[in-house]
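# Residue-level structure breakdown
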Amino acid sequence: MTTDYRKMAKAFFPDAAWIHGDGRYALVAFCRHATVSLHETEESAQEQKKIIDETGCGGFCVNAHKVIDFGKAYSHDYLQSREE
Ligand SMILES: [Zn+2]
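Remember, predicted model here, so these are calculated numbers, not experimental data. (Residues numbered from 1 in each chain as written. Predicted model: local features only at pLDDT ≥ 70, side-chain atom pairs only at ≥ 80, totals over all residues.)

### Description of helix H1 (residues 5-12)
- Among all positions in H1, only Tyr-5, Met-8 and Ala-9 are buried. Down the axis of H1, the smallest arc covering the buried residues is 100 degrees, so these residues share one side. (Buried ≥ 20, exposed ≤ 12 C-beta atoms within 10 Å, placed from the backbone. Helix = DSSP H or I, 4+ residues; strand = E, 2+ residues; numbered from the N terminus. Arc of directions from axis to C-beta.)

Okay, here's the thing in C-alpha coordinates:
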(Lines give C-alpha, C1' and ligand atoms only; values in the text may rest on other atoms or scores of the structure.)
Protein backbone atom coordinates (compact mmCIF):
# COMPACT_ATOMS: atom_id res chain seq x y z
CA MET A 1 0.00 0.00 0.00
CA THR A 2 1.42 3.35 -1.00
CA THR A 3 0.72 6.77 0.36
CA ASP A 4 -1.35 8.94 -1.91
CA TYR A 5 0.68 12.12 -1.94
CA ARG A 6 -1.59 13.83 -4.42
CA LYS A 7 -4.47 13.39 -2.01
CA MET A 8 -2.25 14.64 0.78
CA ALA A 9 -1.28 17.69 -1.22
CA LYS A 10 -4.91 18.42 -1.94
CA ALA A 11 -5.77 18.12 1.75
CA PHE A 12 -3.07 20.57 2.73
CA PHE A 13 -3.46 22.98 -0.16
CA PRO A 14 -7.19 22.89 -1.01
CA ASP A 15 -6.89 26.21 -2.83
CA ALA A 16 -4.04 25.13 -5.07
CA ALA A 17 -4.53 26.13 -8.68
CA TRP A 18 -3.03 22.83 -9.73
CA ILE A 19 -1.19 19.82 -8.42
CA HIS A 20 1.20 18.01 -10.75
CA GLY A 21 3.17 14.81 -10.54
CA ASP A 22 3.48 12.29 -7.75
CA GLY A 23 5.92 11.71 -4.91
CA ARG A 24 6.59 12.66 -1.32
CA TYR A 25 8.52 15.87 -2.01
CA ALA A 26 6.23 18.76 -2.79
CA LEU A 27 7.52 21.92 -4.38
CA VAL A 28 4.96 24.55 -3.46
CA ALA A 29 4.80 28.04 -4.89
CA PHE A 30 2.73 30.43 -2.79
CA CYS A 31 2.63 33.05 -5.50
CA ARG A 32 -0.88 34.49 -5.90
CA HIS A 33 -2.41 31.01 -6.25
CA ALA A 34 -0.61 28.12 -4.65
CA THR A 35 0.68 25.56 -7.11
CA VAL A 36 2.10 22.21 -6.13
CA SER A 37 4.38 19.88 -8.04
CA LEU A 38 5.20 16.53 -6.47
CA HIS A 39 8.56 14.83 -6.91
CA GLU A 40 9.86 11.34 -6.18
CA THR A 41 13.19 12.64 -4.89
CA GLU A 42 14.29 15.68 -2.95
CA GLU A 43 16.97 16.36 -5.55
CA SER A 44 14.34 16.64 -8.24
CA ALA A 45 12.23 19.01 -6.13
CA GLN A 46 15.21 21.19 -5.25
CA GLU A 47 16.32 21.27 -8.87
CA GLN A 48 12.90 22.47 -9.98
CA LYS A 49 12.87 25.03 -7.17
CA LYS A 50 16.19 26.42 -8.38
CA ILE A 51 14.72 26.87 -11.83
CA ILE A 52 11.61 28.74 -10.68
CA ASP A 53 13.67 30.75 -8.17
CA GLU A 54 15.66 32.04 -11.12
CA THR A 55 13.01 32.35 -13.80
CA GLY A 56 9.78 32.72 -11.82
CA CYS A 57 6.89 30.29 -11.53
CA GLY A 58 4.36 32.38 -13.40
CA GLY A 59 2.96 35.83 -14.06
CA PHE A 60 2.61 36.84 -10.40
CA CYS A 61 5.72 35.29 -8.93
CA VAL A 62 6.81 36.73 -5.58
CA ASN A 63 9.50 34.09 -5.10
CA ALA A 64 7.66 32.26 -2.30
CA HIS A 65 8.80 28.77 -3.15
CA LYS A 66 9.16 25.94 -0.66
CA VAL A 67 10.00 22.24 -0.71
CA ILE A 68 8.00 20.17 1.75
CA ASP A 69 8.77 16.55 2.62
CA PHE A 70 5.36 14.99 3.14
CA GLY A 71 6.92 11.71 4.14
CA LYS A 72 8.58 13.35 7.10
CA ALA A 73 6.16 16.12 7.99
CA TYR A 74 2.92 14.20 8.14
CA SER A 75 2.18 10.59 8.93
CA HIS A 76 -0.19 8.51 6.88
CA ASP A 77 -2.37 7.94 9.95
CA TYR A 78 -2.78 11.66 10.32
CA LEU A 79 -4.13 12.02 6.81
CA GLN A 80 -6.50 9.08 7.17
CA SER A 81 -7.94 10.48 10.39
CA ARG A 82 -8.57 13.75 8.55
CA GLU A 83 -10.42 12.03 5.75
CA GLU A 84 -12.79 9.79 7.64
ZN1 LIG B 1 6.77 32.07 -7.65
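### Section: unusual backbone geometry
- Positive phi is not limited to glycine here, since Arg-32 has a value of about 60 degrees.
- With respect to the helices, strands and loops of the structure, Arg-32 is situated in the loop between strand E2 (25-31) and strand E3 (33-39).
- A positive phi angle, close to 65 degrees, is found at Asn-63, a residue other than glycine.
- Mapped onto the elements of the fold, Asn-63 is located in the loop between helix H2 (42-55) and strand E4 (65-69).
- Its 12 C-beta neighbours within 10 Å are what place Asn-63 among the exposed residues.

### Describing H2
- The end-to-end C-alpha separation of H2 is 20 Å, in line with the 20 Å expected for 14 residues at 1.5 Å each.
- Directly after H2, the chain includes Gly-56, whose backbone phi takes a positive value near 90 degrees. (Expected span 1.5 Å × (residues − 1).)

### Focus: the sheet that holds strand E1 (residues 18-21)
- Spatially, the four strands line up as an open sheet ordered E1-E3-E2-E4, and their pairing is mixed. Taken across any chain shown, the strands that pair with only one partner, and hence form the sheet edges, are E1 and E4. Averaged over all pairs of adjacent strands, the angle between strand axes in this sheet comes to 20 degrees, irrespective of strand direction.
- Strands E1, E2 and E3 of the sheet are contacted by H1, whose axis makes an angle of about 160 degrees with E3. (Pairing = 2+ DSSP bridges. Axes fitted to C-alpha atoms, helices over the stretch in contact; angles between N-to-C directions. Contact = placed C-beta atoms within 7 Å.)

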